[in-house]
Amino acid sequence: MSRQSLRVCASSDLVNGGLGVKLPVTDGNGRTTVFFVRYQDRVYGYLNRCTHVGVEMDWESQFFTRAGDLIMCSRHGATYHPDTGVCAGGACRNSRLTALQVEERDGPDGGSVYWLPEGRIQPLADG
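Residues numbered from 1 in each chain as written. Predicted model: local features only at pLDDT ≥ 70, side-chain atom pairs only at ≥ 80, totals over all residues. Heavy atoms only, no water.

1. A word on the pairing of strand 2 (residues 21-26)
Move 1: Side chains Val-21, Leu-23 and Val-25 project from strand 2 onto a buried face, and the interleaved Lys-22, Pro-24 and Thr-26 project onto a face without burial.
Move 2: The pairing of strand 2 with strand 3 (residues 31-39) spans six bridges and is antiparallel. What sits directly across from Val-21, in strand 3, is Phe-36.
Move 3: In this antiparallel pair of consecutive strands, strand 2 and strand 3, the connection spans four residues, and Gly-28 shows a positive phi of 90°.
Move 4: Pairing of strand 2 with strand 11 (residues 122-123) involves two bridges; the strand directions are antiparallel. What sits directly across from Val-25, in strand 11, is Pro-123. (Buried < 20%, exposed > 50% of the residue type's maximum accessible area, 1.4 Å probe, protein only. Helix = DSSP H or I, 4+ residues; strand = E, 2+ residues; numbered from the N terminus. Pairing = 2+ DSSP bridges.)

Structural data, given as structure tokens:
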């Protein structure tokens, strides 16, 4: 039996190193968000929480450094590898972002990005 999936966006909405797409969720501790980005032609999703101080990381849906090669916390500059979520530099040492299971599927209207929620991170019922 397959798990439920949630359509996030059209595949074309995510470009390498570009803006991310955020969705509201609950993580067992309250309301927060998750985000989805494209890096080296693959889509990744993470809980939108810096491992250093626990704040949301983006500035107006911008998650990448200017070079588009690392995810960066807009609050204090901690950086993470987009493909693994592992800390690349800053005060987040020895930590990693909480990854989400994500897949892309082709459909009659083109490609779409889907999130397969599991565990404590779940979409909000009221969207």
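2. Concerning the state of the cysteines
Move 1: Going through the model one piece at a time under the given rule, you end up with one disulfide.
Move 2: The disulfide partner of Cys-87 is Cys-92, and the gap between their sulfur atoms is 2.1 Å. Given an S-S torsion of about 75°, the disulfide between Cys-87 and Cys-92 has right-handed geometry.
Move 3: The thiol of Cys-50 is not disulfide-bonded; the next cysteine sulfur, from Cys-73, is found 3.9 Å away. (Disulfide = S-S within 2.5 Å.)

3. Here we look at the packing of aromatic side chains
Move 1: This structure, assessed with the given rule, holds four aromatic pairs.
Move 2: With a centroid separation of 5.9 Å and an interplanar angle of 40°, the aromatic rings of Phe-35 and Tyr-46 are classed as tilted. Placement of the pair is Phe-35 in strand 3 and Tyr-46 in strand 4 (residues 42-47), with a sequence separation of 11 residues. Residue Phe-35 shares its accessibility class with Tyr-46, and that shared class is buried. (Phe/Tyr/Trp six-rings, centres within 6.5 Å; stacked < 30°, edge-to-face > 60°.)

4. Description of the nonpolar core
The nonpolar side chains of a soluble globular protein tend to be buried, and buried together.
Move 1: The biggest cluster of nonpolar side chains holds 17 residues, and the ones touching the most others in it are Phe-35, Val-37, Cys-50, Met-57, Ile-71, Tyr-80 and Leu-97.
Move 2: For this core, the secondary-structure elements that each account for two or more residues are strand 3 and strand 4.
Move 3: Examining the composition of this core, we find that three residues originate from one element, strand 3, more than from any other.
Move 4: Residues Leu-14, Val-25, Leu-100 and Ile-121 belong to the second largest nonpolar core, which totals 15 residues. (Core = buried A, V, L, I, M, F, W, Y, C linked by side-chain atoms within 4.5 Å.)

5. A short note on the sheet that holds strand 7 (residues 87-89)
Move 1: Reading across from one edge, 5-6-7 is the order of the three strands in this open sheet, with antiparallel pairing throughout. Either end of the sheet is taken by a strand with one partner, and the two such strands are strand 5 (71-72) and strand 7.
Move 2: Judged from the two bridges that link them, strand 5 and strand 6 (residues 79-80) form a sheet pairing that is antiparallel. Looking across to strand 6, one finds that Met-72 is bridged to Thr-79.

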